[in-house]
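# Structure at a glance
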Amino acid sequence: MAEPVRAQPRVRRWLAPLLLLLLAGCGRPPSAEPAGHAVTSASASAAAPPVAWTGLAALDPCTLLSPQDRSAAGISVLGKPKDIAGARACDWSVPGTFGVTVTLTATDGLADLDVAKKNVTKTTVGRHPGWKVADKKAADGTCAVLLGVGDGASVQIDVSNTGFSDTPLACRRAGTVAGLVEPKLP
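So, here is what we can say about the structure in this document.

## Topic: the sheet that holds strand 4 (residues 120-125)
Strand order in the open sheet formed by seven strands is 1-2-3-7-6-5-4, and the pairing between neighbours is antiparallel. With partners counted over all chains shown, the strands left at the sheet margins are strand 1 (80-84) and strand 4, one partner each. The average undirected angle you get between the axes of adjacent strands in this sheet is 25°. Bridge count between strand 5 (residues 128-133) and strand 6 (residues 142-149): four bridges; the pairing is antiparallel. Residue pairing for strand 6: Gly-130 is matched across the bridge by Leu-147.

As structure tokens, this is what we get:
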């Protein structure tokens, strides 16, 4: 796969609005790629325009936890970007302890997510409504906190303990990470 091409700042000033108008005219929503991460393509409709997006699309999930945040959450490693079913995510795996994945979904709000309601507890983190999702009967050491960002976007914080045990600990960790990420959300 080809490396992303970065537009020169001078070109970006006039090219970005032009591409945005072209894409808007085609009835397609703009890509959720963050600024500066254009994709090389022969087709203008497949290329992500290098514009300064706002909202969730402007965020890089791997920058949502600063070094101080990682320390507070017990994360001693750098995050690795990943793609989860078309959504941008970052994964932090602390060897022998636990893993955290933060996924940004710019197209699905809380109401759009398919979650077993019996495993959901409503919550609020900062100013964002959310759900804590854990199967207490399975006791599998996993927990997620899902935060709504407006009506059509969400952030998912997943925690899996090594050994897949201690679900309450996984939920405390997910809650800690959610509290660190939430103030940075639109």
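Now that the structure has been shown, we can carry on.
## Thoughts on the side chain of Asp-91
Structurally, the position occupied by Asp-91 is in strand 2 (residues 87-94). Here Asp-91 sits buried without a salt bridge, and the closest side chain of opposite charge, Lys-82, lies 4.6 Å off (N-O distance). In terms of polar contacts, Asp-91 uses its side chain to reach the side chain of Ser-93, at 3.2 Å. If near-sequence neighbours (up to four positions away) are discounted, Asp-91 is found in contact with Leu-78, Gly-79, Lys-80, Lys-82, Val-100 and Thr-101.

What counts and how
Each chain carries its own residue numbering, running from 1 in the written order of its sequence. In view of the model being predicted, local features appear only for residues whose pLDDT reaches at least 70, and side-chain atom pairs are presented and counted only at 80 or more, with totals across whole chains, interfaces and linings using the full set of residues. As a rule here, side-chain values come from all non-hydrogen atoms in the structure, and water together with hydrogens is ignored. At least two bridges found by DSSP between two strands are what make those strands a pair. Helix and strand labels come from DSSP, where a helix needs a run of H or I of at least four residues and a strand needs a run of E of at least two; each type is numbered from the N terminus. Here an angle of 0 to 180 degrees is reported between the N-to-C directions of two axes, which are lines fitted to C-alpha atoms, with helices fitted over the stretch in contact. Burial status follows relative accessibility: with a 1.4 Å probe on protein chains alone, a residue under 20% of its type maximum counts as buried, one over 50% as exposed, and anything between as partly exposed. Charge convention: Lys and Arg are scored as positive, Asp and Glu as negative, and His as well as the terminal groups of each chain are ignored. Salt bridges, as used here, are contacts in which a Lys or Arg side-chain nitrogen is within 4 Å of a carboxyl oxygen on Asp or Glu. Nitrogen and oxygen atoms within 3.5 Å of one another constitute a polar contact, given that in protein one can donate a hydrogen and the other can accept it, and given that sequence-neighbouring residues count only through two side-chain atoms. In this description, contact between two residues means that some pair of their heavy atoms is separated by no more than 4.5 Å.

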